[in-house]
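Summary of the model geometry
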Amino acid sequence: QAEDGIRDSVASRGLGDVYKRQIMTYTFIGGKNREEFPEFEELFKLVESQMGYLPNAYLAMAEKPELLNSFSGLISSVFKNSEIDLETKQLIALASSLSAGCKYCQSHTSHGAERAGADTEKIADILKYSTSEKYSEKERAVLDLAFLSGLSPNGAKKENFDKLLEFFSKDQILEIVSVIAAFGFLNRWNDTLGTVMEDEPKNFVTNELVPKGWDKF
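The structure displayed is predicted, hence computed values, not measured ones.

This part is about the overall build of the chain. Counting its regular elements, the chain contains ten helices and zero strands. For the chain, the succession of helices and strands along the chain, N to C, is α-α-α-α-α-α-α-α-α-α. For the chain, with 217 residues in total, the buried portion stands at 49%.

The structure is reproduced here in structure tokens:
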């Protein structure tokens, strides 16, 4: 672990790893202070109210204003109130991020699932969802697709959608896919830039999931 706050690209791949943080050093190419983006302060405060912190990913995107404006519109649409509850959406995002291998997004979505109402035992059980008593058949059908879709190449099959149609409408399924697709972008954005994990999700993983054996998966 480098003392300048930049993650070591090999040693820091575990989800339970502790990351050191230094202001304005939150990606492999540095970063700017929040105060340098006054035009986004209203958005930043909204995101903080929803997530409990401001993700470094937003600060990195703020250097490309059109990108952040477009992304914030997309993610708002994906996570708005709908027939698919927020807890399920966060678990979908966590499953696809686990398959993709993005530790940054895994920390965010596990923390987000807990904030949305999922108990920590259920979150810690997600890699054994197919046998865990914490997950219903309906949730297993959703996570089947989420885990397969996070792979490269994509592992989704028609039979996954046939199973989903037993529980969901077409509109609901498209909403499920929208979560997976949005995190396809976030997984690549954050893993490629080496975005540093913030204290809140890092502490959640360290204090709540690691003691339940998370690092053993």
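From this point, the narrative continues.
Turning next to the confidence of the model for the chain. On average, residues of the chain carry a pLDDT of 90, and 88% of them reach 70 or more. The model gives residues 1–23 a pLDDT under 50, and that stretch makes 48 contacts with residues more than four places away or in other chains.

Moving on: the nonpolar core. In this structure, Phe44 and Ile126 are the most contacted members of the largest nonpolar core, which totals 58 residues. Considering every element that reaches this core, the biggest residue donor is helix H9 (residues 170–193), with nine residues. Contact partners of phenylalanine 44, with chain neighbours within four places excluded, come to Arg34, Phe37, Leu54, Tyr58, Leu59, Ala62 and Leu68.

A full pass over the atoms with the stated rule returns eleven salt bridges. Measuring nitrogen to oxygen at the nearest pair gives 2.7 Å for the salt bridge that ties glutamate 41 to arginine 34. Here arginine 34 falls in the buried class, since its relative accessible area comes to 17%. Arginine 34 is paired through a salt bridge with glutamate 48; the nearest N and O atoms lie 2.8 Å apart. With a gap of 14 residues between them, arginine 34 in the segment before helix H1 (41–51) and glutamate 48 in helix H1 connect regions that are remote in the sequence. Judged by relative accessible area, which is 28%, glutamate 48 ranks as partly exposed. Here the salt bridges share partners, and the residues they tie into one network are Arg34, Glu41 and Glu48.

The next point concerns the packing of aromatic side chains. Note on aromatic pairs: each is described by the distance of the centres and the angle between the planes. All chains considered together, the criterion is met by six aromatic pairs. For the ring pair tyrosine 58 and phenylalanine 71, a centre distance of 5.7 Å and an interplane angle of 70° mean the geometry is edge-to-face. On the criterion of sequence distance, the pair formed by tyrosine 58 in helix H2 (residues 56–62) and phenylalanine 71 in helix H3 (residues 65–79) is long-range, its members being 13 residues apart. Each of the two residues, tyrosine 58 as well as phenylalanine 71, counts as buried. The ring of tyrosine 135 carries the charged tip of lysine 122 above its face, separated from the ring centre by 5.2 Å.

Here the focus is the environment of lysine 32. Relative to the helices and strands, lysine 32 resides in the segment before H1. On the basis of relative accessible area, lysine 32 is assigned to the partly exposed category, the value being 36%. In this structure, the C-alpha to C-alpha distance between lysine 32 and asparagine 56, residues 24 residues apart in sequence, is 10.0 Å.

Following the sequence through the fold, glutamate 139 ends up in helix H7 (residues 137–149). Assessed through its relative accessible area of 19%, glutamate 139 is described here as buried. Side-chain polar atoms of glutamate 139 contact the side chain of lysine 122, separated by 2.6 Å. In this structure the side chain of glutamate 139 is engaged in a polar contact, spanning 3.0 Å, whose partner is the backbone nitrogen of serine 136. Look past the residues within four positions of glutamate 139 in its chain and what remains in contact with it is Lys122 and Lys134.

About the thresholds
- Residues numbered from 1 in each chain as written.
- Predicted model: local features only at pLDDT ≥ 70, side-chain atom pairs only at ≥ 80, totals over all residues.
- Heavy atoms only, no water.
- Helix = DSSP H or I, 4+ residues; strand = E, 2+ residues; numbered from the N terminus.
- Buried < 20%, exposed > 50% of the residue type's maximum accessible area, 1.4 Å probe, protein only.
- pLDDT = per-residue confidence, 0-100.
- Contact = heavy atoms within 4.5 Å.
- Core = buried A, V, L, I, M, F, W, Y, C linked by side-chain atoms within 4.5 Å.
- Salt bridge = Lys/Arg side-chain N within 4 Å of Asp/Glu carboxyl O.
- Phe/Tyr/Trp six-rings, centres within 6.5 Å; stacked < 30°, edge-to-face > 60°.
- Lys NZ or Arg CZ within 6 Å of the ring centre and 35° of its normal.
- Polar contact = N/O pair within 3.5 Å; in protein donor to acceptor, adjacent residues only side chain to side chain.

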